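Next come the chains, spelled out residue by residue.
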2 protein chains.
Amino acid sequence: MRIIIDAMGGDKAPEAPLLGAAEAIKEYGVEITAVGNEAAIAAVMQKNNIPAGTFAIVHAPDVIDMEEDATDILRKKPDSSLAVAMRLLAEGAGDALVSAGNTGALLVGATMIVKRIKGIKRAAIGMLLPGRPTPWLLIDCGANVECRPEQLVQFGAMGSAYMQKVQGIASPRVGLVNNGTEESKGTALQQAAYPLLQQSGLDFIGNLEARHAPEGVADVIVTDGFTGNAMLKMLEGAARLFTGMLKEMFYSSTKTKLAALLSKGALDDFRKQLDYTEYGGAPLLGVQKPVIKAHGSSNGNAVKNAIRQATLCVENDLPGTIAAWLKQYKAAQTETDGDDE
Amino acid sequence: MRIIIDAMGGDKAPEAPLLGAAEAIKEYGVEITAVGNEAAIAAVMQKNNIPAGTFAIVHAPDVIDMEEDATDILRKKPDSSLAVAMRLLAEGAGDALVSAGNTGALLVGATMIVKRIKGIKRAAIGMLLPGRPTPWLLIDCGANVECRPEQLVQFGAMGSAYMQKVQGIASPRVGLVNNGTEESKGTALQQAAYPLLQQSGLDFIGNLEARHAPEGVADVIVTDGFTGNAMLKMLEGAARLFTGMLKEMFYSSTKTKLAALLSKGALDDFRKQLDYTEYGGAPLLGVQKPVIKAHGSSNGNAVKNAIRQATLCVENDLPGTIAAWLKQYKAAQTETDGDDE
């Protein structure tokens, strides 16, 4: 198996992607193609004593910045590491792609160059988020701010395929984010998506309120990209607020300072559990080959975890699983209403 | 000043509303009219040694359950404590209303019986939420799942009036929830609302992502009721997740158990800061008289706090402030585009 790495993507590039890649080769026995500025890659390899020949290197002179507007970035920067990496993936020079770079550009590149699975309306971003007792996949986290009901069903199916194939959950439960549990709740979007999800063949458990999302009530939590982005960012803001408040609490007296010392290791674990970058990268779902978006601030370890995710997607044929569901769904629809799209 | 209390609303009714009311009379010198089942009220007063004559009592034989569908509940239950209280408020038998009951019924009642301020398209629910360094008002928290751009501007104005008159912030900063800060971000709703907010005369700081909401970047954070509800519920879910994880962390070893003991008081403060019921009730904004929705689980102290909020709304003429803004806004619009609605 060969994973393509965008060596220039992310706040800590090219060091973090290359260190992560070198570790992944050792741990998982994968082959890696690193795409980026050759000189920069060579410098990192030398500095970190990574032997020549550890990865295949494909030179790409240009870099897409984290904040650049993605719309036509691939046309403007065809020689960027991201664009070159995407073309390599599309051409079959690798089985999956990992990048910690610009999310928008990654999404546009995946859609325009690697292409969507036939029948999938829009690619979507999933994120595995912390919950008790189990993590949950939020989809869509912001790729599609305006959605049609049919797309939400596809998000549910893509999320289910991911949780099944990568997280090993036999029959993932799918919930729809709404402002109450009754079937009639929500905007026109949720009202129309509800019966479609019921008839989708997925294990649809109905509507759920965001407050129950971290309580293990569903494995896949479906929403439009605008709401999903707001939920994801609210969770992130809440985590920062709480850790800030907790720190302040521990600094408030001599007694609490002692308490902080006594609970240091456990507190670090607590912070880690809050940090969703620990849960690996975000899969871009619905494209023909696995693409994993590692967090922009990823260190080598986070990139290594994202590579592991990518290998699981390849090994378990995630795109094929999604395509197979879609075929079955279309067939069932045709049977039901005679409407062969 | 006379505050009308729905004595039967909330999980701990009628005890909590009446205890809160009795405390509020002592602390703030307000007059209270308690609406509800006379016998039940008398029993609570006797049990808690509340002297006869402490409040005016208006009998209402019926109760609206917390989970009942609100749409036509007031027509079906015209003798419920909530419907009777609303009519008393509309007729001028009191200056403001506090209820810990069914939010939907409260909203329908306020809109149908007390009526909206002239020119206000929809009433909205604001919630003061925890932030560092300052709390923030999220509006709308779920009253209007589908919104038009003009409504978001009105939410901004109503939220500003509240933060100014009740929280004492001279010039509240208003931010629009979006999936990025650029003006072009969001769905058609946010894209259309952005220029309207810019021209609104409010202190509009632009778009913000939900992750920054708790960081004191804006005093009033505006969004449609669907997204607002998802954010509010996500924050609530996150708080539960974090306190659960923290508890587990403290139980993990003898050292951490000792740490928990050492930080007990500070931990309680931490939990309190997370608990938004501590921030008082949620104002229903846009109706002709102040209506405060106390949390369903309110105890006496929370009801007392909600009564204090109601008195501040009355003292500082919150509805009049909103009406005055609207008049000025309409006049400015007429000047600009000659379109006198």
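All figures in this text were calculated on a predicted structure; none of them were measured in a lab.

Visitor: So what exactly am I meant to see when it comes to the overall build of chain A here?
Guide: Secondary structure assignment for chain A yields twelve helices and eleven strands. Against the compact-globule benchmark of 20 Å for 341 residues, chain A has a radius of gyration of 21 Å, which places it among compact chains. Seen through its C-alpha atoms, chain A measures out along the principal axes to roughly 60 × 60 × 35 Å. Counting every position in chain A, which comprises 341 residues, the buried fraction comes to 56%. By element, 49% of the accessible surface of chain A is carried by carbon and sulfur atoms, the whole surface being about 13,600 Å². Positive and negative side-chain charges in chain A, numbering 33 and 39 respectively, have mean positions lying 4 Å apart.

Visitor: Could you clarify how one ought to interpret the interface of chain B and chain A in this entry?
Guide: Opposite the 52 residues of chain B that make contact, chain A presents 52 residues. In total, about 4,800 Å² of surface goes out of reach between chain B and chain A, with carbon and sulfur atoms giving 73% of it. The largest share of the area that chain B buries against chain A comes from Arg 211, Phe 226 and Met 234 of chain B, three residues that together contribute 15% of it. On the surface where chain B and chain A come into contact, there are eight salt bridges. Taking the shortest distance from any N to any O, the salt bridge between Arg 240 of chain B and Glu 215 of chain A comes out at 2.9 Å.

Visitor: I'm lost on the pairing of strand β2 (residues 31–36) of chain B in this one. Help?
Guide: Regular strands have side chains that alternate between both faces of the sheet. Residue and element names in this part refer to chain B. For β2, a buried count of five out of six residues is recorded, marking the element as mostly surrounded by other parts of the structure. Pairing between strand β1 (residues 2–6) and β2: five bridges, direction parallel. When the sheet's bridge partners are listed, Ile 3 is paired in β2 with Ile 32. One ladder, built from four bridges, connects β2 with strand β3 (residues 56–59); its direction is parallel. Counterpart to Gly 36 in the pairing with β3 is His 59. This β-α-β element, β2 to helix α2 (residues 38–47) to β3, shows right-handed connectivity.

Visitor: Just to check I follow, could you spell out the relation of the copies chain B and chain A for this structure?
Guide: Here two copies of a chain appear, and what relates them is a rotation about an axis with a shift along it. Screw-axis analysis of chain B against chain A gives a translation of 0.0 Å along the axis, an RMSD of 0.0 Å, and a rotation angle of 180°. These values place the two chain copies in the arrangement generated by a two-fold rotation axis. In terms of proximity to the rotation axis, the leading residue of chain B is Ala 259 of chain B, whose C-alpha is 2.0 Å off the axis. When the interface residues of chain B are mapped onto chain A, 100% of them are again interface residues, pointing to one common binding face.

Visitor: Can you help me understand the packing of helix α4 (residues 81–91) of chain B against helix α5 (residues 103–114) of chain B in this one?
Guide: How two helices pack is summed up by the angle between their axes together with the distance between the axes. Residues and elements named next belong to chain B. At a minimum axis separation of 9 Å, α4 and α5 run at an interaxial angle of 35°. Two packed elements cross with a definite hand, and for α4 against α5 that hand is right-handed. Of the residues in α5, those touching α4 at Leu 82, Ala 83, Met 86, Arg 87, Leu 89 and Ala 90 are Ala 105, Leu 106, Gly 109, Ala 110, Ile 113 and Val 114. When its residues are assigned to classes, the contact of α4 with α5 shows ten nonpolar, one polar and one charged.

Visitor: Hey, could you run me through the packing of helix α8 (residues 225–250) of chain A against helix α10 (residues 264–274) of chain A in this one?
Guide: All names here are of chain A. With their axes 10 Å apart at the nearest point, α8 and α10 run at an angle of 165° to one another. Relative to α10, the element α8 lies roughly antiparallel. For the pair α8 and α10, the sense of crossing is left-handed. Across from Ala 239, Thr 243, Leu 246 and Phe 250 in α8, the residues of α10 making contact are Leu 267, Phe 270, Arg 271 and Leu 274.

Visitor: It is not clear to me how the sheet that holds β1 of chain B should be interpreted in this structure. Could you clarify?
Guide: Two strands in a sheet stick together by hydrogen bonds in their backbones, pointing the same way (parallel) or opposite ways (antiparallel). Residues and elements named next belong to chain B. Strands sit in the order β3-β2-β1-β4-β11-β10-β5-β6-β9-β7-β8 across an open sheet of eleven strands; the sheet is mixed. Each edge of the sheet is formed by a strand with only one pairing partner; in this case those strands are β3 and β8 (203–208). This sheet shows a mean twist of 25° between the axes of neighbouring strands, independent of strand direction. In terms of strand pairing, strand β5 (residues 124–129) meets strand β6 (residues 136–139) through four bridges, oriented antiparallel. The residue bridging Leu 129 from the neighbouring strand is Trp 136, located in β6. Contacting β5, β6, β7 (173–177), β9 (220–222) and β10 (282–285), helix α6 (residues 149–165) runs over the sheet at an angle of about 165° to β9.

Visitor: Even after reading the chapter, I still don't get the packing of aromatic side chains, so can you show me in this structure?
Guide: For any pair of aromatic rings, geometry is given as the distance between the ring centres together with the angle between the planes. All names here are of chain A. This model, assessed by the stated rule, comprises five aromatic pairs over all chains. Pairing Trp 325 with Tyr 329 gives two aromatic rings, centres 4.7 Å apart and planes at 15°, and the pair type is stacked. Here Tyr 329 and Trp 325 lie together in helix α12 (residues 318–337), a separation of four residues that amounts to about one turn.

Visitor: Could you clarify how one ought to interpret a negative patch on the surface in this entry?
Guide: On the surface, a cluster of negative charge is contributed by Asp 11, Asp 65, Glu 67 and Asp 69 of chain A together with Glu 182 of chain B. Residue Asp 69 of chain A is classed as exposed on the basis of its relative accessible area, which comes to 57%.

Visitor: Sorry if this is basic, but what is going on with helix α8 (residues 225–250) of chain B here?
Guide: Residues and elements named next belong to chain B. Under the 1.5 Å per step criterion, the end-to-end length of α8 is 37 Å for 26 residues, consistent within 8% with the ideal 38 Å. With 22 of 26 residues buried, α8 lies mostly within the body of the structure. Of the residues flanking the start of α8, the one acting as N-cap is Asp 224, its side-chain oxygen 3.1 Å from the backbone nitrogen of Phe 226.

About the criteria used
Residues numbered from 1 in each chain as written. Chains lettered and ligands numbered in written order. Predicted model: local features only at pLDDT ≥ 70, side-chain atom pairs only at ≥ 80, totals over all residues. Heavy atoms only, no water. Helix = DSSP H or I, 4+ residues; strand = E, 2+ residues; numbered from the N terminus. Rg over C-alpha atoms; globule rule 2.2 N^0.38 Å. Buried < 20%, exposed > 50% of the residue type's maximum accessible area, 1.4 Å probe, protein only. Areas by Shrake-Rupley, 256 points an atom, 1.4 Å probe, with all protein chains shown as cover. Lys, Arg positive; Asp, Glu negative; His and termini not counted. Charge placed at Lys NZ, Arg CZ, Asp CG, Glu CD. Contact = heavy atoms within 4.5 Å. Buried area = accessible area lost by both parts, 1.4 Å probe. Salt bridge = Lys/Arg side-chain N within 4 Å of Asp/Glu carboxyl O. Pairing = 2+ DSSP bridges. Right-handed = clockwise from strand over helix to strand, strands pointing away. Least-squares fit on C-alpha atoms with pLDDT ≥ 70 in both. Axes fitted to C-alpha atoms, helices over the stretch in contact; angles between N-to-C directions. Left-handed = near helix turned anticlockwise from the far one by under 90°. Nonpolar A, V, L, I, M, F, W, Y, C, P; charged D, E, K, R; others polar. Parallel < 35°, antiparallel > 145°, perpendicular 65-115°, else oblique. Phe/Tyr/Trp six-rings, centres within 6.5 Å; stacked < 30°, edge-to-face > 60°. Patch = residues over 30% accessible without salt bridge, like charges linked within 9 Å, V, L, I, M, F, W, Y side chains within 5 Å. Expected span 1.5 Å × (residues − 1). Polar contact = N/O pair within 3.5 Å; in protein donor to acceptor, adjacent residues only side chain to side chain.

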